[in-house]
Amino acid sequence: MTSSSPDQSGPVPSLFRRVAALRGGRAVHTRGRFFHAAFRVLGRTDPYLGIPVLDEPGEREVLVRLSKGASLPGALPDVLGLAVRLPCDQAPGGDLDLLLATMGWPRWLPFPSAGFGSGVFSTLIPYRHAAGRIRFLAVAADRGRARSADPDEIAESVAAAPLDFVLGVEGYRRPLARLSLHTVLPDGEFAAFDPMLNRHPALSLPRPFLRVREAAYAGSRRGRARTRERAGAAGADPRPDRSGLTIA
C-alpha cells in the first residue's frame, strides 16, 4: 500500500467521480452478477507466491463477479470482467481482490470477447513480485462450449450447472487453482471489488500506473458515495451497488 492518499482533485478522479455519479454506481462494469464459488488451489504452486490463499492446497468459498466493461446490452461482445475476492489475513483489509478482464494484444490491452467461455482473462498490468513480473490469467475450463457475454444468461446457466475457470500465472504451465461458480447471488449491496484497497503486500504495481489507478478508484468511490447521499437525502433507498468490478 502506498503511504500517501491519491490526489482526488485532478482530472482522472474527477472524470471517474462524475461518471460513477451519473451511473449511480461504478464508472465502468456496471452490468454484472455476483456468485458464490469454490476456489481450490490445485497443489504446489509455481512460482511460490508467499500468499497462503494462493500457495496452500485446499478449497474455500469466495465471492465472484462476472461483468461487462462497457455495459453493452444483452449478449453483445464487450470487455468482460472476472473479479475474485479471496479471504486473506495478510492483506490490510482481510481480503485479496483479483480483477481480470479479457485481453488483446499488447497483453496489457483490454479487448472485447464474444462470451465468458472463449476469452482469456488477465490482470493486464503485471504485478511486481519477488519472483519477477507476474500476471494472473484465467480461462473457462470448457472452452469448447459456447458461453454468452450476457451476465444474466450466465447466471441462468450457473443455476443449472456450475461454471468452472482455471487460474494460473502467465509463463507457467502448472495451473494455480480451479474456480467453480455454483450459486447465483441476488442483486444487492455488496462491498465493491477494489484492488487498491484489497491487495497483498507481496503484490505491487508499477508506480506510474498505480498512481493513475488509485486516482481512478478514489474518484469512482466518491461518485458512488455521493449517489447514496443524494438518495438518502431524498428519502429513497439507495440504488443497489451492482458495481463490483472496475477496470480503471
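Below or above, wherever it landed, is the structure these notes cover.

Rules used in this analysis
Residues numbered from 1 in each chain as written. Predicted model: local features only at pLDDT ≥ 70, side-chain atom pairs only at ≥ 80, totals over all residues. Heavy atoms only, no water. Helix = DSSP H or I, 4+ residues; strand = E, 2+ residues; numbered from the N terminus. Contact = heavy atoms within 4.5 Å. Pairing = 2+ DSSP bridges. Buried < 20%, exposed > 50% of the residue type's maximum accessible area, 1.4 Å probe, protein only.

**Comments concerning the overall build of the chain**
And then number 1: When helices and strands are counted, the chain shows four helices and 10 strands.
And then number 2: The secondary structure elements of the chain, listed N-terminal to C-terminal, are α-β-α-β-β-β-β-β-β-β-α-β-β-α.
And then number 3: Within the chain, contacts between residues at least 6 apart in sequence are counted, and of these 66% link residues at least 24 apart.

**Quick notes on the sheet that holds strand β2 (residues 58–68)**
And then number 1: The sheet built from eight strands closes into a barrel, its strands ordered β1-β2-β3-β4-β5-β8-β9-β10 with antiparallel pairing.
And then number 2: Inspection of the sheet shows strand β9 (residues 163–169) paired to strand β10 (residues 177–184) by five bridges, in the antiparallel sense. Each bridged residue has a counterpart across the sheet, and for L163 the counterpart in β10 is L181.

**Quick look at unusual backbone geometry**
And then number 1: A cis geometry characterises the amide bond from W105 onward to P106, with omega recorded as 0°.
And then number 2: Relative to the elements of secondary structure, P106 occurs in the loop between β4 (95–102) and β5 (121–122).
And then number 3: Its identity as a non-glycine residue notwithstanding, S71 has a phi of 55°, on the positive side.
And then number 4: Checked against the element boundaries, S71 lands in the loop between β2 and β3 (80–87).
And then number 5: By relative accessible area, which is 16% here, S71 ends up buried.
And then number 6: Phi at L124 takes a positive value of approximately 65°, unusual for a residue other than glycine.
And then number 7: Following the sequence through the fold, L124 ends up in the loop between β5 and β6 (127–129).

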